[in-house]
Each structure stands twice: as structure tokens, then as C-alpha cells.
Amino acid sequence: MGSGQVTSSEPFDFQGKHVTVAGLGVSGVPAAKVLHGLGARVTVVNDGADERARAQAAELEALGITVRLGDGGTLPEGTELIVTAPGWMPDKPLFAAARQAGVPVWGDVELAWRLRGPDAAPWLAVTGTNGKTTTVQMLASILKAAGLRTAAVGNIGVSLLDAVLGDERYDVLAVELSSYQLHWAPSLRAHSAVVLNLAPDHLDWHGSMEAYAADKGRIYEGNRVACVYNVADKATEDLVRRADVEEGCRAVGFTLGTPGPSQLGVVEGILVDRAFVENRQKNAQELAEVADVDPPAPHNIANALAAAALARAYGVPARAVRDGLRAFTPDAHRIAHVADVDGVVWVDDSKATNTHAAEASLAAYESIVWIAGGLAKGATFDELVAKSAKRLRGAVLIGADRALIREALARHAPQVPVVDLDRTDTGAMRAAVQEARQLAHPGDTVLLAPACASMDMFANYNKRGDAFADAVRELGSADG
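Residues numbered from 1 in each chain as written. Predicted model: local features only at pLDDT ≥ 70, side-chain atom pairs only at ≥ 80, totals over all residues. Heavy atoms only, no water.

A.B. asks: Sorry, what's going on with the packing of helix α5 (residues 132–145) against helix α12 (residues 318–327) here?
C.D. replies: Between two packed helices, the angle of one axis relative to the other and the distance separating the axes together describe the packing. Close contact between α5 and α12 brings their axes to 7 Å; oriented N to C, the two are set at 125 degrees. Put simply, α5 runs oblique to α12. Along this stretch, α5 crosses α12, giving a crossing that reads as right-handed. Seen from α5, the contacting residues are Met-138, Ser-141, Ile-142 and Ala-145; seen from α12, they are Ala-320, Val-321, Asp-323, Gly-324, Leu-325 and Ala-327. (Axes fitted to C-alpha atoms, helices over the stretch in contact; angles between N-to-C directions. Helix = DSSP H or I, 4+ residues; strand = E, 2+ residues; numbered from the N terminus. Parallel < 35°, antiparallel > 145°, perpendicular 65-115°, else oblique. Left-handed = near helix turned anticlockwise from the far one by under 90°. Contact = heavy atoms within 4.5 Å.)

Right under this line is the structure:
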């Protein structure tokens, strides 16, 4: 972490301390208010000075908090601690100055961890390149089915600071953590944790795949009961091996195949547990059916197994796993069934904003007309196309970087007909849906799994998915 990083989680007395908050926005403003309320002398620094930043600055200054807009690179004199927004890159001059001065840097997650009370709810923590939000929501649903007071918090839902400092008392928290948040959380120690998978992502922020994996692996440090890993992704098991955990903490794998001892897996359509049972060499506990998972796509079954492993590590009974999975409804734009039109199934997975997510989505269907493209974020598509080629009936490409996907298709799936839509206006999605309809036959799935970010054409992946769903519904109503 560099010199000056505090790694113990001893209580920190904020009274009179000079704390610099790096960045306004979703995490910075609440952090500044909390620190001010704890008696710290707070200075907020922010790179931008746009209208929103000025409004947030005015709100904080009214409380007596100092705000410096347009100057996020200079370390304010006398700073004893920096609390940073998770997205601020580690190579910023502010952090170099902090290292030189021996000033610790925390993220909002570290701050929340330090502010927990003596009877605080333990954290069941989830990270990974893809599937974090779904897994945390499944986990929260399972914990609620067991009668526990819980919430999905962290990178989603309730903010961690609110969960830790609010009036509501929780038994246990289901915590989603990004690689950014983990980078700035040196003393976090979860009850149990999982790294769902690892694939290249955010490498511009972390600097290398090794640094990205190491930050993900921080989630296992100090685990008390279980480090849960993906049997199909050896890199996650390697992170468990390298972690420094409490005595007695166990490595627990999840697999879509038949589980060995200390694993959860699938046997003849049943999710089974051979980790949290008596005599796991010989016994297995039925948890749920694959049909209880919505949708029952392979990567989503893996998410369900990971959530079940964390819940079981906390002592949740098998029945609650089944009831929690049945009660769970996935968020919009995550392999969402939109409509059946003339025997063709239309599926919205606009959330598949990188190649790893798109690969999982494509693996869920046998015969696919694929709608893809957008901003590639430095990604390459050869591996994705090579793995998925046999499933593709056709492809419709949209967005700024569609040529990269077209070239990969030409190399690895030359037999697949490709429609290249040379437009990036929002109306392109309606045209893409029309073209996909021409390519699709009864029994096919038209799948929006862009493998790219959306900002070249849409405000976010939600808007992209909405445009797709609207265009598909127009097809259905036209037929009706």
C-alpha cells in the first residue's frame, strides 16, 4: 500500500484531526459530513468546478467545511488523513504527496469499517469482475429468508456509512466491493468473502492485471470462517492461497460440476453443499433446484452457489437458501427476457459491458443472433468470438468500436452473417432490432450483450437496454 498506510483497525479519534476528503460526489459528500460531525477539521478537494460541484460545495461550506474546487492535486497543509472517493486513481499527485508525508489514505469502505460499533454486524463480502451485484442481492434474499436483519450495501443499495451509523440494527451485512474500494480499505476484515471471477478490467486504473487481482484478493485478508472461490477460475483459488486469514478459516469452492469435499456444486439439477455439513467426505446437503434460480443461465447458477456458500458460512439453514433464491428477482438489463415474437426469444443483457460478461451471457443460449458494440474500453474480442462462434446464427453491430468485433468475427466466425450499422445515434437500436429480426429463425435467441460500454450512444447501459426493449415491444405490437 505504500508508506503511511495504516493497516490496523484500531479506533481513530477524529476530534480536532485535519482530514482531507478527496472528491465530491456520491461518497465524498456523505464522508465529509460524517467526519465533520465527529469533530474533524475537514477540507474537501475536487478536480472539477462544474455547476454540480459548486452546489455541493455550497452545501458543505454552510456547515463550516472548507472546499477547494479545481485543485485536487495539492495536499492541504496539516493533513493527517485522506479519505478518498473510490474512483480516484492511485497515481494522482495528491497520493504521492501523502506517501511522502506519511499520511494514510482511506476509502469510504475503510472509513465505514473504522466507524463500526463494538456490536457491529459482521460483513459477508463479494467482489469479482462480473456478477457482484446479483450475488449480493441473492445473498441478502437468502439471509432475509432465514429471518435475519440484513441489507445489500457497499457498491449498491444502502451506503456503508449509512448502514454502520444509521439507527437500524443489522444482524449481518451483504457487502458488494469493487476493486477500487478494496484498494483503499487496508484494514477490512470480513466474516467470509468471495471473489467470483477474475478477467481483465479497469487496467487503466490499476496499472496491470497483477495489481487488479491483488486488490481483489484483499477481500480475503483476515477472513474468519470461509474464503469462497470459483473452482473454474484458478486465479480466485490462488488469491485464497496467498491470503493471511484467521486460524480455522476454510477455503470453500463452488462449481457447476459435481462438488468435492469443501465445495458447493450441482448434481442432476440440484444445488448441493459438501462444505457445511457433517462428514463432508461422505455427505451432501440439498439446497435448491437449478429451476429455483432466475434466470437459470450457467453464470447465474454460479452466482447462486457463491451466495449460498457465504450464507451457509454464516450458519443459514438449507431451506433458507431455497426460499431466498425463489424470492430473488434479478435487476433489469441482466439477462432479462423481453418478449417472444414469432418463435424468437428476445433477451436484454445490456449490463454485459465487457467481454467477460458477454461470454457468460452468450454461453447461456444455443442459437443466437447477437447485438453487440459500443465503447470497447481497450478490450479485444478474439477470445470471446472464438469461444462463442458455434452458437452464433448472426450478428448485428452498433456503436463506435464495432469494427473491432467485426474483425474478430471475420477471423474466428467467417460463416456468421454480420450486419454493420454505420451509425451511433440512439435510433440505431431500433434499426438493430429490425436487422436482427431478419436474421433470426424460430428457436433462436436475439441477445443484446454488447461486450462494450454504452456512453458513445446512450447515457448508460440502462438507457441502452430500455431502447432495445422498446424496439422489441414495437415488433410484438406490430404483429398483434
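So much for the structure itself; the text now carries on.
A.B. asks: Can you walk me through helix α16 (residues 428–439) in this structure?
C.D. replies: Note on helix geometry: an α-helix contains 3.6 residues per turn, so any two residues three or four positions apart are oriented the same way. Taking 1.5 Å as the rise per residue, α16 with twelve residues should run 16 Å; its terminal C-alpha atoms sit 17 Å apart, in good agreement. Here α16 has its buried residues at Ala-428, Met-429, Ala-431, Ala-432, Val-433, Ala-436 and Leu-439. (Expected span 1.5 Å × (residues − 1). Buried < 20%, exposed > 50% of the residue type's maximum accessible area, 1.4 Å probe, protein only.)

A.B. asks: Help me understand the sheet that holds strand β16 (residues 344–348) in this model?
C.D. replies: Within a sheet, each strand pairs with its neighbour through backbone hydrogen bonds, oriented either parallel or antiparallel. Judged by pairing direction, the sheet is mixed, and its six strands sit side by side in the order β15-β16-β20-β17-β18-β19 without closing on themselves. Edge positions in the sheet fall to β15 (336–341) and β19 (418–420), since each has one partner strand and no second. On average, adjacent strands in this sheet sit at an angle of 15 degrees to one another, irrespective of strand direction. Relative to strand β20 (residues 445–448), strand β17 (residues 368–372) is paired through four bridges, and the arrangement is parallel. Bridge assignment links Val-369 to a residue of β20, and that residue is Val-446. Across the sheet, α16 touches β15, β16, β17, β18 (392–397), β19 and β20, and the angle it forms with β18 is around 160 degrees. (Pairing = 2+ DSSP bridges.)

A.B. asks: Please clarify how the sheet that holds strand β2 (residues 41–46) should be interpreted in this entry.
C.D. replies: Strands sit in the order β3-β2-β1-β4-β5 across an open sheet of five strands; the sheet is parallel. Both outer strands of the open sheet, β3 (66–69) and β5 (105–107), are each paired with one neighbouring strand and no more. The sheet shows a mean angle of 25 degrees between the axes of neighbouring strands, taken without regard to direction. Bridge count for β2 against β3 is four bridges, and the pairing is parallel. The residue of β3 that forms the bridge with Val-44 is Val-67.

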